Each structure stands twice: as C-alpha cells, then as structure tokens.
Amino acid sequence: MSLLKEFLSQVGEGYLLIDKEGRVVFGNDFLIRRGLLKRDFEGKPYYECVNNLTVVSCLAEALSEKSDKLCNFDHEEREYSLYAFVGSDLTVVRFSDITDLRRYERSRREFVANVSHELKTPIAVLKSLLETLYEEEDREEKKAFLEKVLKRVEDMRRLVEDLLILTKLESGEERIKREDINLKMLIDEIFELFESQALETKIDLKNSVEEGFKIKGDWDKLFLLFKNLVDNAIKYNKEGGKVEVKAYKKDGVAVVEVNDTGIGIPKDHLPFIFERFYRVDPSRSREMGGTGLGLSIVKHIALSHGGKVEVESEEGKGSTFRVYLPLE
Ligand SMILES: Nc1ncnc2c1ncn2[C@@H]1O[C@H](COP(=O)(O)OP(=O)(O)OP(=O)(O)O)[C@@H](O)[C@H]1O
Ligand SMILES: [Mg+2]
C-alpha cells in the first residue's frame, strides 16, 4: 500500500477519485502542487475543492450522464487534458499536462505552414515560365515533354496549397462563416468543374439534392469539402459508373451523402483513410496526382462546422461518404 501511495505522490500525472455521491475520496500530490485541488479535499463535494471551472463542469456532465468524458482546459498557464472514467461506485479522473505536446504540435504546424508558404511563390513563377515556354514551342516532341513537366509542377502547386489549407484548419485559427447555403447550387457548381472529366470516363453525375435544401456554413470551405469527395468518387470509379449526391434531415442536422459505384475501399484500410497522406493504393493515387490530403481536409472542414464525416464502403461495389452539417 505504501508503495502505491509513494507512486501516486511522485507520478507526473494527476489522479482524482470521486464516489457516487460526488465526494472526493482521493487526490494525489500532483493536483495539489499544480493548484488544481484544495489541500483539505477529503469527503468534500468535488465542486467545492476543485479549483477550475472547466474541470468542475466537465465532471458534472460526466457524473450526470454517467459516461466517460474527455476535456481539455487551461490552468495557470499550463494546458491539461482530463479523462474521467465513470464507474458505478467510483469515478477515476486522470489529468495529464499537455503543454509540451501542444507546443510541439504548434511548432510542427508553423514549420509546415512556413515551408509551404515559402514554396508557393517559386512554384507559381516556375509554372508561369513553363507555360510561356509551352505556348512558344512548336516542336511536338518538346511540347509533349513540357506538358509532362507542367503536370508535375501543377501537382506540386496543389500539394503546397492543400498543406496550407490543412495547417490553417488544424490550428483552429481559420474563421468559419455561417451563411445560408443552397446545397443543390453548391453541388451543381462542383459538378460543372468535373464535367469534362466525367464525360471522358463515362461517369454519370447525378445531383439528387432537393431544390431549396438549405444548410448553414462557409460556402468556400464546403465547396472544397464536396469538391474533394466528388473528385474521389470520380477518380476511384469505374468506366460507365455513377456518382450521386443526396441530402436529407436527421435528428435536427443535415446529412449529405456522396455515393459512388467505384472500386470501393477494403475494410482494413477504412479506419485510416482520413489520415494525412494515407492512400490505399499509392501508385494509383500518384498517377492521378493525388497526395492523400483530400480526406483530411474533408474531415477538418466537417469538424470546423461542428459536424463529422463517415464512410461506408464495399470493395468492388462502391462507397458512400456521409457528411453531417448544421441546418441552422
Ligand atoms: N470514393 C472512393 N472510392 C475508393 N477509394 C477512395 C475513395 N475516396 C478515397 N479513397 C481512398 O482513400 C485514399 C485517401 O483519399 P484522399 O482524397 O485523402 O487522397 P487522394 O485522393 O489519394 O489524394 P488527394 O485528394 O490529395 O488528391 C485514396 O488514395 C483512395 O485510396
Ligand atoms: Mg482525394
């Protein structure tokens, strides 16, 4: 027992035990040292001896809903993450200091943002120089060669653009507008972009969104979200296939579905496809100019709107991406 006590007083994390009446049974030294818990906590209700309002309201929610809860909060210039494991007799709350982790994440984000930003200008210059060369060249062989170079430069430009968008979204600094959006119009505009590509591969684009279906959000961001989903639905389709966008209301939110009759996604890959740079078949994606950032952008835009995205897929049959967005 003394070994356990020793461990709990030395460990670099906070532990708080609350009984089913909401009284504190135990709190380790970490919590007292960090000013999160009053010294004379024993037997007192948690809301009287925990020194942070966010923590109190997070615990109140966990205890009243009787479900585990994760919250992040600031206290005396440090950032913490709290996890409450709610049991029938005892609730165990673990506090971790995530200040250094956050600092590291921030510096990684800033690094990516800076590098991308610095690459943006030279790539734009390179592209316009190559375009001039291409226009002026009349020997077919050289023209074909320049076309290939230009395609690679365009891939680079897209990668840098996607990285910049993603780092902005991840930092949470990006302002999300709340405009009334006519969803059918938005999808029509996106389909227009892909008209010739769809024609080439004989893919039928069907906009089944009801006339007048409105959602609340940021037009440019949602345009990017659905552009990425439609792009994938066409890219990973089969000749003569179909892409259909539908929308309906469910439990007070809008559900927008992008369905395709394409190659589908193998089950063991499904949990990872929203991760940065993840591709099921890297060689196929690379050939199509894909870098694997599209779906992480989709996920972050949905989250920044207070929504989420889900996927359902059957290999060889097709996929459905379901985006939940606010109606109001
Ligand atoms: N509709 C789909 N059908 C089948 N596979 C898909 C579909 N959408 C995505 N995938 C798979 O998930 C991977 C990740 O998609 P994501 O959009 O993030 O990347 P990408 O399309 O390869 O590149 P990018 O979007 O950056 O151009 C893809 O490489 C592909 O393997
Ligand atoms: Mg994509």
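This structure is a prediction, so every number in the text was calculated from the model and none was measured. (Residues numbered from 1 in each chain as written. Chains lettered and ligands numbered in written order. Predicted model: local features only at pLDDT ≥ 70, side-chain atom pairs only at ≥ 80, totals over all residues. Heavy atoms only, no water.)

(A) Layout of the side chain of Thr 99. Inspection of the secondary structure puts Thr 99 in helix H5 (residues 99–136). Residue Thr 99 is classed as buried on the basis of its relative accessible area of 5%. A distance of 2.9 Å separates a polar side-chain atom of Thr 99 from the backbone nitrogen of Glu 79. If near-sequence neighbours (up to four positions away) are discounted, Thr 99 is found in contact with Arg 78 and Glu 79. (Helix = DSSP H or I, 4+ residues; strand = E, 2+ residues; numbered from the N terminus. Buried < 20%, exposed > 50% of the residue type's maximum accessible area, 1.4 Å probe, protein only. Polar contact = N/O pair within 3.5 Å; in protein donor to acceptor, adjacent residues only side chain to side chain. Contact = heavy atoms within 4.5 Å.)

(B) Representation of the state of the cysteines in the model. Taken as a whole, this structure holds one disulfide when the rule is applied. One disulfide in the model links Cys 58 with Cys 71; its S-S distance is 1.9 Å. An S-S torsion of about 85 degrees defines the bridge between Cys 58 and Cys 71 as right-handed. Of this pair, Cys 58 sits in helix H4 (residues 53–65) while Cys 71 sits in strand E3 (residues 69–75), placing them 13 residues apart in sequence. Taken individually, Cys 58 and Cys 71 each receive the classification buried, so the pair is uniform in this respect. Cysteine Cys 49 shares no disulfide, and the gap to the nearest cysteine sulfur, in Cys 58, comes to 16 Å. (Disulfide = S-S within 2.5 Å.)

(C) The arrangement of the domain arrangement of the protein in detail. The assigned domain composition of the protein is domain 1 (2–97), domain 2 (101–171) and domain 3 (179–326). Computed over C-alpha atoms only, the centres of domain 1 and domain 3 are separated by 42 Å. (Domains from an automatic or database assignment.)

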